[in-house]
Amino acid sequence: TVPRPRGVSISMASFYTPGEKFRCLDGSRTIPYEHLNDDYCDCQDGSDEPGTAACPTGRFHCTNAGYKPGTVKSSRVNDGVCDCCDGTDEYSGLIECVNNCKELGKKMREEQQRVRLLQEQGYKTKLEQINEGRKKREEKKAMVEALEKSKIQLETLRNEKEAKKQEVEEPETEAKDKHKQQWEEVKAQREAQAENERINEAFIKLDANKDNIVDIAEIMAHSEFDINSDGEVSVEEAKEHLEDAEQTDPAYFAEKVWPHIKDLFKKEEKEVEDPGAEEPKVPEVMDNPDYDEDEEEEHDEDEHDDEDEGDHDPYTDDHEHPDELPLEEENKKGDQEMPEYDEETKKLIEVADAARAEFNEADSKLKDAEKELNDLKSYLNGDYGPDEEFSTMKDQCYEYTDREYTYKLCPFDRATQRPKGGGSETRLGSWGHWAGPETNIYSAQKYEKGQNCWNGPDRSVRVDMTCGLENMLTNTYEPSRCEYVFEFSTPSLCTPVPADSTRDEL
Amino acid sequence: VSRDNFKRCDQSGFCKRHRAVDPGHSPYISLFDTLDIQPSQISVELLNTKNNVRLRLELFGLQHQTTRIKINEVNPLKPRYEIPVGDVLNAEPQQDTLTVVEKNDDHITLSLEKSIIVLNREPFRIDFINDDEPTVSINAQGLLKFEHLRKKKEDSQEKKEENEEEKASCAEEEVQEEDEPDMWEETFKSFHDSKPNGPTSVGLDVSFPGFEHVYGIPEHAESMALKSTKSSDPYRLFNLDVFEYELYNPMALYGAVPVMLAHNEKRTVGIFWHNAAETWVDIASNVADKTFFSKMADLVKGSTELPQTDTHWFSESGIIDLFIMLGPEPSDVFSQYGQLTGTTPIPPLFGIAYHQCRWNYNDEDDIRNVDAKFDEYDLPMDLLWLDIEHTDGKRYFTWDGSKFSHPDEMVKNLTVKGRKLVTIVDPHLKKDDSYSVYSEAKSQNHLVKNKDGSEYEGWCWPGSSGWPDFLNPEVRKWWASKFAYSSYAGSSKDLHVWNDMNEPSVFNGPEVTFQKDVLHYGGWENRDVHNLYGFYVHKATMDGLLERTGGEERPFLLTRAFFAGSQKFGAVWTGDNMASWDHLKISNPMILSLNLVGITFSGADVGGFFHNPDAELVTRWYQAGAFQPFFRAHAHLDTKRREPHLLPNANMLAIRDALQQRYSYLPYWYTLFYWGERNGGPVMMPLWVEFPKDKSTFSMDDQFMIGKALLVKPITEQGSTGTNVYFPGNDLWYDVESFQTYNGGDTTYVRAGLTKIPVFQRGGTIIPRKMRNRRSSTLMKSDPFTLFICLNREGEATGNLFIDDYHSYNYKNGKYILKGFNFRKNVLESVTGHKDYQTDEWIEKIVISGFQVQPSIAILKGSVSGQKELEVNYDIVEDNIIIRKPGVNIAENFKLILQP
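Predicted, not measured: the structure shown is a model, and the values here were computed from it. (Residues numbered from 1 in each chain as written. Chains lettered and ligands numbered in written order. Predicted model: local features only at pLDDT ≥ 70, side-chain atom pairs only at ≥ 80, totals over all residues. Heavy atoms only, no water.)

A.B. asks: Can you walk me through the overall build of chain B in this structure?
C.D. replies: When helices and strands are counted, chain B shows 15 helices and 51 strands. The C-alpha atoms of chain B give 29 Å as radius of gyration, which agrees with the globular expectation for 900 residues (29 Å, within 12%). Sequence-distant contacts in chain B: of pairs separated by 6 or more residues, those separated by 24 or more amount to 72%. (Helix = DSSP H or I, 4+ residues; strand = E, 2+ residues; numbered from the N terminus. Rg over C-alpha atoms; globule rule 2.2 N^0.38 Å. Contact = heavy atoms within 4.5 Å.)

A.B. asks: Could you clarify how one ought to interpret unusual backbone geometry in this entry?
C.D. replies: Residue and element names in this part refer to chain B. E219 follows P218 through a cis peptide bond whose omega is 20°. In this fold, E219 is placed in the loop between β14 (213-216) and β15 (235-237). With an omega dihedral of 0°, the bond running from E503 to P504 counts as a cis peptide bond. Mapped onto the elements of the fold, P504 is located in the loop between β27 (495-499) and α9 (526-529). A positive phi angle, close to 60°, is found at N445, a residue other than glycine.

A.B. asks: Explanation requested: the sheet that holds strand β11 (residues 444-449) of chain A in the structure shown.
C.D. replies: To summarise the sheet geometry, strands pair through backbone hydrogen bonds and adopt either a parallel or an antiparallel arrangement. Residues and elements named next belong to chain A. Spatially, the eight strands line up as an open sheet ordered β7-β8-β9-β10-β11-β12-β14-β13, and their pairing is mixed. If you trace the sheet from one side to the other, it starts and ends with β7 (398-401) and β13 (472-480), each paired once. Each neighbouring strand pair of the sheet contributes to a mean axis angle of 25°, computed without reference to strand direction. Pairing of β7 with strand β8 (residues 405-410) involves four bridges; the strand directions are antiparallel. Its bridge partner being in β8, T401 is matched across the sheet by T406. (Pairing = 2+ DSSP bridges. Axes fitted to C-alpha atoms, helices over the stretch in contact; angles between N-to-C directions.)

A.B. asks: What is the right way to read the confidence of the model for chain B from this model?
C.D. replies: When pLDDT drops low, the exact placement of atoms in the prediction is not to be read closely. Here chain B averages 95 in pLDDT, and 97% of its residues register 70 or above. With pTM at 0.84, the complex prediction returns an ipTM value of 0.91. (pLDDT = per-residue confidence, 0-100.)

A.B. asks: Sorry if this is basic, but what is going on with the packing of aromatic side chains here?
C.D. replies: Two numbers describe a pair of aromatic rings. These are the distance of the centres and the angle of the planes. Residues and elements named next belong to chain B. In this structure the tally under the stated criterion is 73 aromatic pairs over all chains. With 5.8 Å between their ring centres and 45° between their planes, Y674 and Y816 make a pair best called tilted. A residue pair is termed long-range when its members are at least 10 positions apart, and Y674 in helix α14 (residues 666-679) and Y816 in the loop between β43 (797-803) and β44 (817-824) qualify at 142 residues. Aromatic ring contacts, followed pair by pair, group F397, W399, F404, Y456, W467, F470, W478, W479, F483, Y488, F514 and Y533 into a single cluster. Positioned above the aromatic ring of W573, the side-chain terminus of R632 is 4.9 Å from the ring centre. Taking NZ or CZ as reference, R769 lies 4.8 Å from the ring centre of F788, over its face. (Phe/Tyr/Trp six-rings, centres within 6.5 Å; stacked < 30°, edge-to-face > 60°. Lys NZ or Arg CZ within 6 Å of the ring centre and 35° of its normal.)

A.B. asks: In this structure, what is going on with helix α4 (residues 330-341) of chain B? I would like to understand it.
C.D. replies: Every α-helix winds through 3.6 residues per turn, so residues three or four apart in the chain are directed the same way. All names here are of chain B. An ideal rise of 1.5 Å per residue puts 16 Å on twelve residues; α4 measures up with 17 Å between its terminal C-alpha atoms. Inspection of α4 places P330, V333, F334, Q336, Y337, G338, L340 and T341 among the buried residues, and these make up the whole buried set. Downstream of α4 by one or two residues, G342 has phi in the positive range, about 95°. (Expected span 1.5 Å × (residues − 1). Buried < 20%, exposed > 50% of the residue type's maximum accessible area, 1.4 Å probe, protein only.)

Encoded structure:
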């Protein structure tokens, strides 16, 4: 061996010449040779103390014969811990180190052999995966091209169908609207007629002496005009109904009187038709006249004197909530329904329906194609490694079960967890991105935005990938709450090892 | 915090009653005809003229300028609780002569060393006079209120008969007071407190004439200088587990030390309210009653008003037992208090190094990886910690077999590199008959009882649990035996312990703790002893850790709950803080307050326990923690991992630098703890302790001293790139990294980018440091020292250093070295204070700052190594002189002579 200060490697030995002054390797200063390894740091770069712990930045070289040579931080020298397998870092007597370099070397070589075999075997699979992946990509690309073409045709067809549809829908809409308008007019006419009939009927009914004049006396004969509910219709009340006139002829009646008495009059009609409603329905409420009064106030909008309260039976007013309107509606239902379209319109609709169906078919075909295209493109946009080697794990899922949970990784899609004993699945994350270090970005994946943790972050998973013979989830753990780490072995990360690559280090 | 879970004063019967006492109308008079004067104590009865109940006052003269005042009922219906001597109090305090100076119908004047004590007859009142100035007054506000034990009035008939009976037998009739609600039972939320003994509270006011600043009574998330409680609740002392505690308020926290210090430019005094029950303290600013004092003291020198701080103390039960420590220097008060309750023993060196904790390191692999990462990134670390998840179902003293199946091997992997493991051992025991610790405790009747005598049951981490009755000495013995290696599988001398949840925390109890009527040893209620429970858990655990090595090795032990005297058993931390800048900021006053009352080995969770700190906050927190006595990073289960190597590189480097600074100063910290054990003083202390006459420092708690030589102003503001530092005294102050100097008396802006901790060495001091970066403090054992000498304006400096084996109790047998270093007139002299220990440690370098004229020759004259000339180098950047490799053993006496 080349004579050199403790802790200096052979390659550096030439910088340390016995008897000569030593120049710090950073050139900062020159010191006597005796100051080398004298356990005092003179050089900023620590180069004067390669064999002691004196310099904070120094490095100690151990030969480690039988194993690989190494350097340890100066702070590891003479600290009572054996860091070099040859034990040369501990010479102060704090600890006796056993030289276990041979043993380690043997283990290392065995391990290297194992790794080499693994890498080689795995690499074979990887090549297959690359083939498969590239083929897959080519196929998908071809499919995209084909689809793009047919998509253009489908678009044209769809647009044609849409134009056609619009063309026939225009007369259809016109005819339908016309029909509807006509119907509205008929309805209005009918309603006016019915109202006139009701006025006539009412007038005839009120005109007790049939002199074609309704006077105050005739009004007073009708109890429904008893506004203050004192049991009789007074002259004033009657006059009020006649809009302060003494009497009315049919024309004045229709114009002035009817609009105001119409509701009262209807009530009267109802009373006659349905006398049973006069009976009290809920006798127990009678005990509470105040309450009744309140109810009454709400319902009866007509004025009345307070003194009249006692005599007044509120329950006769129950049918002031007229149920009859719906009844009337029902009676008239036949008249209310719009008549069928005429034959001409029907024909137009038929034609439009056919055009719509054709359009819908063309449209959905186009959409299907677009979806397929999107799926393909999304695949093609995916990053399955520089040589497509990871593509074979897409659309696959891998499981791993520990003491409590079964974990599932579906690469490029999601990671989940479910309790071993059953129970619902928890989403730990959805595919995010490759997440290895810059030098080896394809060695890890990140799955993000999983279900939120109570009092914590959204769950997420980092998948650490290493070379292995097959795609396999080999371990899972949770270093921080809801931040998972999966270990995954895959041939995709195997690289061929030159047979003698480890030789140099021995 | 969920404030509703904790009582306010108006929800506590006795707090309301004491706060309602009308000041200035004390019903108590001293009955001089009952006066009994002994050489070092006097006793006199106090009569409550409102209800004719008599109390007995005993006043003891104690050594070291200390007085004790005890007040109890003359004839209590049953004994009232007194804390046993030997646990909180080290021993029965040594008495000192009290001399009667004057005695008349109005008052008695006594003298104790340099102090005058005046006992006033009517109203009862005691005043302490030092140097002709009043310093402490007892019952000056007339707030003494002693709720004597009484029988519950069952009905009026019975009461009448009883009264008549008493009338016949007693000359003075005891006047029945009207019961107030809450006297015989009390309800808080859904919890009912049965109060079988009725009202038992005691309260007294203590005034500090001439003092504007009072300190202490931890634990509160509060500034160091205590505030007036006029518009808030009183400060509360009641050990509680408070989730996400709020800052700057008087709510009770995990520990209680009923000790208060008052300080002004002239003197420092202290009081110790020796009571273990729930206690509240009101504080108010006032002006002294000059008319009263003018009769006995010479205070009317100026015409200005004399400020005064009034305090009012009340406890739910027990007796009044008050120690008054009369100073006059801050260091005197520390040693006076240390004489009473003991001092912090020197921790093993690794205990003051860096602790890495998290709830939880999941398994042995996790521990191995964290350990390896610290080495990979060159981050020194001494202890890894395991929280509750390491156990088999929260059964303490056990291991989760699937995650920690080889604890021995795991610990061995750590100890190879000088590291240790800490496991958590909480006092709640899972109710599981197949769990031997519980079943033993149950069968041996060791558990705390309900008021009806049945076994108490509550909820904590393991679910349904029982609690050993640590008040019972037999139970403590039994608990201690659980730490025997044979009993605690996987334990060894390198496994240390952490007591958590020992307030105790009971998830389903009132205020998250025991019911007040739960029963302890001797039939005492939790009401009487509550604040002592955690103290005794801590003590019993320490007993066990001592026993396992036959008292040879110094264990490390941490507790969350504490009381006066807990300093004897190890470290305390400020509990479950939060990852926020406010919590970082308050860690300094909280630890300062603990240091002032003897709990010197204290710290806060670095990084903040709850929530996720950003990288800047973690970095700044490490920098602060590096200059606080107990230095541990900790994090909640729900937080992201935040070990330094996981942070951005710039932050990791800044943290590494902070850690390495801590490790380089370990010899200094260690020496401070030596002095702390000897003299009882704080290691981290307010500026006023060193600069007692500098009024501007009296409420300063964002910068502080570590010992006499280091001034620290940690950055606690987000985004800060510098801070204003106040440099006290007339000294020069040297930046410990750049050696830039600052003048005492100035406030100067100091730049402090992310990597900078503003730390300054005081001119006139010498600090021995170890500058080699090792993986743990244990691996630094034989490393050489560098002496950092910062000269004062006279070109002088002094320092000292304590050295032993750093881990055993042999220093108690004198197996240690105490060195003194003096630099004067260009000569450094190393002298020996004590030497009965061999060490390999030597001096590799001496750095001298503040030289006026640069020397060129250095001659070392060693008492053993002889004379040699040393190389002198001048560092032009730092303006330092560096003496190359003295090479002498640290124990050797030498002179180093510098010549031009």
